[in-house]
Amino acid sequence: GRLFFWDQRITQLADGRIVALFWTYDREKKQEVPIHAGWSEDGGQTWRQPKSTGIEGQVASPIPLADGRLAMTWVRRHAPPSIRLAISKDGNSWGEEFTVYDHRAQNIAGGDGKTKTGDYLQTMQLWNFGLPGGVQLPNGNLLISQGWPHDINKYRAPLGLAAVAKKREYHLCSSKIKRHCRP
């Protein structure tokens with residue numbers, strides 16, 4: 001097909017639905033397109049066609065929240081290169097993007113989203129951040145982490161805590177881990 005879905009990350013929500021998030025590439029336009037989400041409501045037996053989230057980015061990880069919402073953390077390699085977070089009440093529309101980690105390496109320019117796949121793959125070794133993931137802690141905070149592929153002893157490193165509140169969707173408590181982080 002026209003769209004190429006890769007680097008999927010998957011999770012199951014409390015209501016039993018399963019969501020997969022995909023880094024998506026348009027073969028005809030030869031460029032990335034927004035992250036897509038595919039849904040299953042029968043334990044993964046059948047899937048709806050993945051739809052655009054409207055969010056520009058690459059590898060994305062879904063994080064189910066205790067209150068039924070869905071958080072997503074993802075890599076943004078385009079300017080500004082960063083790890084981002086957003087929350088959705090329904091899995092179709094997403095709240096404001098929030099920067100969890102801002103990577104401004106001097107030797108790496110932000111991608112333009114139009115780079116050919118082969119060229120992208122050849123330069124991936126230069127990127128030293130990515131593969132975000134997270135979990136909601138018992139107190140309701142989100143612990144967000146990322147991969148550090150250049151140091152095998154520190155492959156997953158905590159980025160920070162994000163508090164999930166009812167009135168405000170989220171705020172960053174600290175770029176370093178703290179013991180207490182409440183909205």
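Remember, it's a predicted structure, so these values are computed and weren't measured experimentally.

## Structural notes on the confidence of the model for the protein
Taken residue by residue, the protein gives an average pLDDT of 77. The fraction at 70 or more is 66%. Long-range and interchain partners of residues 165-172, a stretch whose pLDDT sits below 50, account for 27 contacts in this model, where long-range means more than four residues apart. This model gives residues 174-183 a pLDDT under 50, and the stretch forms 25 contacts once residues within four places in sequence are excluded.

## Some thoughts on unusual backbone geometry
Phi at aspartate 7 is positive, roughly 50°, even though this residue is not glycine. As for its position among the elements, aspartate 7 is in strand E1 (residues 3-12). The residue lysine 30 is not glycine, and still its phi comes out positive at about 55°. Among the structural elements, lysine 30 can be located in the loop between strand E2 (18-26) and strand E3 (31-40).

## What to know about the pattern of salt bridges
On inspection of all chains with the given rule, the structure shows seven salt bridges. Aspartate 15 is paired through a salt bridge with arginine 17; the nearest N and O atoms lie 2.8 Å apart. With a relative accessible area of 53%, aspartate 15 lands in the exposed category. When the shortest N-O distance is used, the salt bridge between arginine 48 and glutamate 41 registers 2.4 Å. Since its relative accessible area comes to 55%, glutamate 41 is described here as exposed. Through salt bridges with shared partners, a single ionic network connects Arg2, Asp26 and Glu28.

What counts and how
- Residues numbered from 1 in each chain as written.
- Predicted model: local features only at pLDDT ≥ 70, side-chain atom pairs only at ≥ 80, totals over all residues.
- Heavy atoms only, no water.
- pLDDT = per-residue confidence, 0-100.
- Contact = heavy atoms within 4.5 Å.
- Helix = DSSP H or I, 4+ residues; strand = E, 2+ residues; numbered from the N terminus.
- Salt bridge = Lys/Arg side-chain N within 4 Å of Asp/Glu carboxyl O.
- Buried < 20%, exposed > 50% of the residue type's maximum accessible area, 1.4 Å probe, protein only.

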